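A structural walkthrough
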Amino acid sequence: MTCSPFHCQTDLGAMVPEPCRDSGKWLGRAIRATALAIPLFSAACTTKSELGFATLVNEVPATRAIIVPPPGGPAIVAVLQRSYQNGVSQEIALSTASLTPGQNAFYVSLASGTSPQSEIDDVLNLPSLTQDRIQKEMEDRLPGIEMQTSLVYVQNKYGPFGFATGRSASGDVCLYAWQRIEPNEPAILVPGGIISIRLRMCDAAATQEQLLRSMYGFTISAYYLSGSWNPYGSPPPVPAQLGEIDAPIYPLGLNGAATSVVRERRIRVETSPAPASQVIDKDTVLPSSSPRPSAPATQEPAASPQTGYPVVPPPSPTQ
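Residues numbered from 1 in each chain as written. Predicted model: local features only at pLDDT ≥ 70, side-chain atom pairs only at ≥ 80, totals over all residues. Heavy atoms only, no water.

1. Observations concerning the overall build of the chain
Heads up, the condition is: The way it works is that DSSP assigns letters per residue, a run of H or I at least four long becomes a helix, a run of E at least two long becomes a strand, and they are numbered from the N terminus. Residue exposure (1.4 Å probe, protein chains only): buried if accessible area is under 20% of the type maximum, exposed if over 50%, otherwise partly exposed. Any two residues having at least one pair of non-hydrogen atoms within 4.5 Å are treated as being in contact. Here the Shrake-Rupley method, with its probe set to 1.4 Å, supplies the accessible areas, and only the displayed protein chains count as covering residues.
The number of helices and strands found in the chain is three helices and 16 strands. Here the chain, with 319 residues, has 26% of them falling under the buried criterion. Partitioning the contacts of the chain with sequence separation of at least 6, the portion at a separation of at least 24 is 50%. For the chain, the accessible surface area stands at approximately 23,500 Å², while carbon and sulfur atoms represent 58% of it.

2. Focus: the state of the cysteines
So the rule is basically this: We call a pair of cysteine sulfur atoms a disulfide when they lie within 2.5 Å.
Under the definition given, this model contains one disulfide. Each sulfur in the disulfide pair Cys 174 and Cys 202 lies 2.1 Å from the other. Because the sign of the S-S torsion sets the handedness, a value of about 115 degrees for the bond joining Cys 174 and Cys 202 places this disulfide among the right-handed ones. Separated by 28 residues along the polypeptide, Cys 174 in strand β12 (residues 173-181) and Cys 202 in strand β13 (residues 194-203) bring together distant segments of the chain. Neither Cys 174 nor Cys 202 differs from the other in exposure class; each is buried.

3. Here's the deal with the side chain of Thr 165
Secondary-structure assignment places Thr 165 in strand β11 (residues 159-167). When its relative accessible area of 15% is taken as the criterion, Thr 165 is described as buried. Those residues in contact with Thr 165 that lie beyond four places of it in its chain are Glu 146, Met 147, Gln 148, Cys 174, Leu 175 and Gln 208.

4. Some remarks on the pairing of β11
How we decide: Strand pairing follows a simple DSSP-based rule, namely that at least 2 bridges must link the two strands.
β11 sits mainly inside the fold: seven of its nine residues count as buried. Here strand β9 (residues 148-149) pairs with β11 via two bridges, running antiparallel. Residue pairing in the sheet places Gln 148 in a bridge with Thr 165 of β11. By the bridge criterion, three bridges tie strand β10 (residues 154-156) to β11 in an arrangement that is antiparallel. Its bridge partner being in β11, Val 154 is matched across the sheet by Phe 161. The loop that links β10 with its antiparallel partner β11 comprises two residues. When β11 meets β12, the two strands line up antiparallel, connected through six bridges. Each bridged residue has a counterpart across the sheet, and for Arg 167 the counterpart in β12 is Val 173. Two successive antiparallel strands, β11 and β12, enclose a turn made up of five residues, where Gly 171 displays a positive phi of approximately 95 degrees.

5. Here we look at the environment of Gly 113
Following the sequence through the fold, Gly 113 ends up in the loop between β8 (105-111) and α2 (131-141). Here the alpha-carbon distance between Gly 113 and Leu 124, two residues eleven residues apart in the chain, equals 9.8 Å.

6. Remarks on the packing of aromatic side chains
Note the following rule: Pairs were defined over the aromatic rings of Phe, Tyr and Trp, the Trp ring being its six-membered one, requiring ring centres within 6.5 Å. Orientation was assigned from the angle between planes: stacked under 30 degrees, edge-to-face over 60, tilted for the rest. Distance and angle both matter: a charge sits over a ring if NZ of Lys or CZ of Arg is within 6 Å of the ring centre and within 35 degrees of the ring normal.
This structure, assessed with the given rule, holds eight aromatic pairs. For the pair Tyr 158 and Phe 218, a centre-to-centre distance of 5.6 Å together with 15 degrees between the ring planes defines the contact as stacked. Taken together, the residues Tyr 158 in the loop between β10 and β11 and Phe 218 in the loop between α3 (208-217) and β14 (219-220) connect sequence positions 60 residues apart. An angle of 45 degrees between the planes, with centres 6.5 Å apart, marks the rings of Phe 161 and Phe 163 as tilted. Exposure remark for Phe 161: the relative accessible area of 8% places this residue in the buried category. What links up through ring pairs into an aromatic cluster is the set Phe 106, Tyr 158, Phe 218, Tyr 224, Trp 229 and Tyr 232. Against the face of Tyr 107 rests Arg 141, its NZ or CZ located 3.7 Å from the ring centre.

7. A closer look at unusual backbone geometry
Geometrically, the link from Gly 73 to Pro 74 is a cis peptide bond, its omega value of 5 degrees lying close to zero. Among the structural elements, Pro 74 can be located in the loop between β5 (67-68) and β6 (76-84). In this model, Asp 246 sits at a positive phi of 60 degrees, which is unusual for a non-glycine residue. As for its position among the elements, Asp 246 is in the loop between β14 and β15 (266-270).

8. Observations concerning the pattern of salt bridges
Side-chain pairs of opposite charge can arise where the charged atoms are in close proximity. Stated precisely, the cut-off is as follows: The term salt bridge refers to a pairing of a side-chain nitrogen on Lys or Arg with a carboxyl oxygen on Asp or Glu at a separation within 4 Å.
A complete count under the given rule lists three salt bridges for this structure. Between Lys 136 and Asp 140 there is a salt bridge, and its shortest N-O distance comes to 2.8 Å. Placement of the pair is Lys 136 and Asp 140 together in helix α2, with a separation of four residues, close to one helical turn.

9. Some details on the environment of Pro 183
Following the sequence through the fold, Pro 183 ends up in the loop between β12 and β13. Judged by its relative accessible area of 18%, Pro 183 is buried. C-alpha separation for the pair Pro 183 and Gly 193, spaced ten residues apart in sequence, amounts to 7.5 Å.

Structure, rendered in C-alpha cells:
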C-alpha cells in the first residue's frame, strides 16, 4: 500500500481516504469520552439544589438587639433584622401576657445620616413624625382599638417622646409610644444620624404607668463607629455650682426643702395629746403613752426613791 498526503492505495489498487487510517484511534477516544460523561450526567440528576429564601429579614440573637428593655422585663423573645446601605432596622419581639391579638415589640431603626442613591429598595428612609403617620401605624399594629394621644409632656434619658393609650375589647390596657432622636443642629458639618423608636405593648394586668416604665427604662446598646454619627448631640454642661465655693450641695431632704420622696423605714403614729402626726424611725423606742394605773385608795403614797437604790414596793394592807 502506497500513500499520498491525502489518500492511501492498497495492493489491489483501491483508493482509501487518509482519515480512515486513524479510525481506530478516533473510536477509542469517543468511547472514553462517553464513559466520562455518563457519571457526570447521573450526578447532576441526583444532586439536590440549595434552598433559597426570598426575604431580606434575618433573625439575630437577642444579645444583638439594639434596644435592651429595663431590668425586670419584658423579656426579649426574638429579634428580626434588616440591613440597608445607610442603616439597619429591627423588630424586637417582647414577652406578651395579653388577650389582645398581636405581638408586643420594639421597632427601632438606626440611620447613619447619609442617603446614598440606589436603584433598588435598600435605602433606609425615616420621614419626620406627623400625626397622620402615627395614626396609620397605630391602626396597623393595634387594629380595632381606639387610642387616645396623651397631651402630657414626657421625656426619658434620650429626650422627649409621645404616647397614646387605649383599652381593647378584651379589657387589656394598650400603649403605643414613639420617639425620634436626632441632632438639633443641621447635620451638614456636624455629626448626624437618626434613631427612630416605636413601642407597641398590651397587657392584661398592667396599668398605664407600668407600661410606660418600659419606655422610660430602655437602653440603646448599638452605635456606629464612624465619627460622623452622633444623633445625641453634645453632652450637657456640668452644673455651675459643682465644685464652687459657698455652693453647698445637700443630700436629698437635708436642706429643709419640701420633697415628695418616699423614705423607707418610716412609720406614722398618733401621739397624745398632739393631734398632728409624727414621723419616726422604726428602730426608735417610743415611750408608752398609756397612763399608769393609780394606786389603791387604802394604799399610802410611796416615798420618792433615792438615787441609786432599787424601788421596794409597799406592803399589802393584809399584812
